[in-house]
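Spelled out from the first residue to the last, the chains are:
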Amino acid sequence: MRNLIPSWIRVPVLFFIVLGTVEFFVDSGNQPAFVKYPAVLLFLLLVLFILISIEGIVGSLENVMFQKLDPEAKAKFIADRNKSVQLDWLKKTYIKLLGSKPIEQEAEIILDHNYDGIKELDNDLPPWWKYAFYISIVFAVVYLLRFEVFSGQNQIEEFDTELAEAQVAIEAYKKTAKGLVDVNTVTQLTETADLAAGKNIFNTNCVACHMADGGGGIGPNLTDNHWILGGDIKSIFHTVSEGGRSGKGMIAWKAQLKPLEIAQVASYVMTFQGTTPANPKAAEGDIIVDPNAATEGAEATTEETQETTETQIDTTLQAETPAEAINE
Ligand code: HEC
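These lines cover the structure that appears in this document, whether it is placed above or below. (Residues numbered from 1 in each chain as written. Predicted model: local features only at pLDDT ≥ 70, side-chain atom pairs only at ≥ 80, totals over all residues.)

**With respect to the overall build of the protein**
A count of helices and strands for the protein gives 14 helices and 4 strands. Long-range pairs, those at least 24 residues apart, make up 68% of the contacts in the protein with a sequence separation of at least 6. (Helix = DSSP H or I, 4+ residues; strand = E, 2+ residues; numbered from the N terminus. Contact = placed C-beta atoms within 7 Å.)

See below:
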């Protein structure tokens, strides 16, 4: 077998088999595995290196052995090698599959008509063509039975199944991907990391008008349960994303903040509820009781209050006077 295929074919073929196997088994999304994971690239290079080294070592071993042979054996060895390197078997199968008569034997199959000197050979159908034809017959029978008799899925049904699967996958993805929130899917975030991020966003963008403790200034007081534009997470998300009533000074933040950031800052704003700011602005708007609050259970509420008191303490320390805030 070794002598049957020359090394310049053997090395690339083995290499691409390894490459194909790696690509098949390593899940790398829509990027090739060796692009996504440098380790895979390293592995492939190593494989290539080893393949080439093996070729080199075997080649030189053969050479050493050859030098030790007596002249008669040398001649036999060379004859053997030349025979195989010519890819005899490949040539033979090729000729067999073509099934054409050599030109010397054409006289046997020539037909006895003659159109202005153009003659016709009665060649057999080439075997490669015949085999392909037989295979297609087998295929047709299997196909007919599978799809017409045993009613396999047709393309439209296949498409529908895939679509349904994709829909399920999208739903699952949406559940885990926080960044994809919009006003319809947003939920109040309670993780410390999210609230810390929200606090950060609030302190950078919102304190000028709402105060660090949410007590209010140019903007309304965010700590009371009076809301002009609604105090549930969806309404607050909407207010921050789309802005307040025109002319009041609360801009739409969707250009500056990503959806996840809006959700974080909105959740942080909700932690102000029930806290006492240093200089509370008079309540504006209607009292709105969050309809979800009752169903979410008392446990969550106490936890939240604890957390807000903590944040309350350190935000009060940073609180600036309204004048300072506006001058910034
Ligand atoms: C330039 C001053 C200003 C800044 C900065 C500002 N707001 Fe406002 N905000 C206001 C004003 C004014 C209102 C009242 C809007 C209205 O009456 O329609 C408001 C209203 C709100 C409301 C609704 C309050 C209610 O009672 O319904 C929320 C929530 C809010 N802001 C959150 C934020 C957040 C979060 C930020 C930072 C990303 C922010 N604001 C930045 C001025 C500001």
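**Digging into the pairing of strand β2 (residues 118–121)**
Relative to β2, strand β1 (residues 110–115) runs antiparallel, the two sharing 3 bridges. Residue pairing for β2: N114 is matched across the bridge by K119. Between β1 and β2, which pair antiparallel one after the other, the connecting turn spans 2 residues, and D116 there sits at a positive phi close to 50°. (Pairing = 2+ DSSP bridges.)

**Topic: the site of the ligand**
Around the ligand sit 25 residues, and of these C206, C209, G219, G244 and M250 come closest. For the shell around the ligand, the secondary-structure elements that each account for two or more residues are α8 (192–205), α9 (207–210), α10 (233–242) and α11 (259–270). Per-class residue counts for the shell around the ligand are 16 nonpolar, 7 polar and 2 charged. (Near = placed C-beta within 6 Å. Nonpolar A, V, L, I, M, F, W, Y, C, P; charged D, E, K, R; others polar.)

**A short note on the environment of T185**
As for its position among the elements, T185 is in the loop between α7 (155–176) and α8. On the basis of neighbour counts, which here come to 13 C-beta atoms within 10 Å, the residue T185 falls in the partly exposed class. (Buried ≥ 20, exposed ≤ 12 C-beta atoms within 10 Å, placed from the backbone.)

**With respect to the environment of L180**
Take L180: it is sitting in the loop between α7 and α8. Residue class for L180 comes out partly exposed when judged on the 13 C-beta atoms lying within 10 Å of it. L180 sits 80 residues away from L260 along the chain, and the two C-alpha atoms are 7.1 Å apart.

**Some words on the packing of helix α1 (residues 7–25) against helix α3 (residues 38–68)**
α3 packs onto α1 with a crossing angle of 155° between their chain directions and a minimal axis gap of 10 Å. The orientation of α1 with respect to α3, classified from their angle, is roughly antiparallel. Judged by the sense of rotation from one axis to the other, the crossing of α1 with α3 is right-handed. Along its contact with α1, which presents S7, V11, L14, F15, V18, L19 and V22, the element α3 presents V40, L44, V47, L48, L51, I52 and E55. By residue class, the composition of the contact of α1 with α3 is 12 nonpolar, 1 polar and 1 charged. (Axes fitted to C-alpha atoms, helices over the stretch in contact; angles between N-to-C directions. Parallel < 35°, antiparallel > 145°, perpendicular 65-115°, else oblique. Left-handed = near helix turned anticlockwise from the far one by under 90°.)

**Some words on helix α5 (residues 88–98)**
Of all 11 residues that make up α5, 0 are buried, and the element is exposed over most of its length. G99 sits one or two residues past α5 and shows a positive phi near 65°.

**Comments concerning the packing of α8 against α11**
Running from amino to carboxyl end, α8 crosses α11 at an angle of 90°, the nearest separation of the two axes being 7 Å. The orientation of α8 relative to α11 falls into the category roughly perpendicular. Residues D194, L195, A197, G198, K199, I201 and F202 of α8 pack against E261, Q264, V265, S267 and Y268 of α11. A breakdown of the residues in the contact of α8 with α11 according to their chemical character gives 6 nonpolar, 3 polar and 3 charged.

**Observations concerning the nonpolar core**
By size, the foremost hydrophobic cluster in this structure holds 23 residues, and its most contacted members are I236, F237, A263, V265, A266 and V269. Looking at this core, the elements that each hand over two or more residues are α8, α10 and α11. It is α11 that contributes the most residues to this core, 7 residues altogether. For I236, the contacting residues outside a window of four places in its chain are G231, A266, V269 and M270. (Core = buried A, V, L, I, M, F, W, Y, C linked by C-beta atoms within 7 Å.)

**Points about unusual backbone geometry**
At D116, a residue that is not glycine, the phi angle is positive and equals roughly 50°. For M211, which is not glycine, the phi torsion reads 70° and is therefore positive. Mapped onto the elements, M211 comes out in the loop between α9 and β3 (226–227). Of the residues examined, M211 has 30 C-beta atoms within 10 Å and is grouped as buried.

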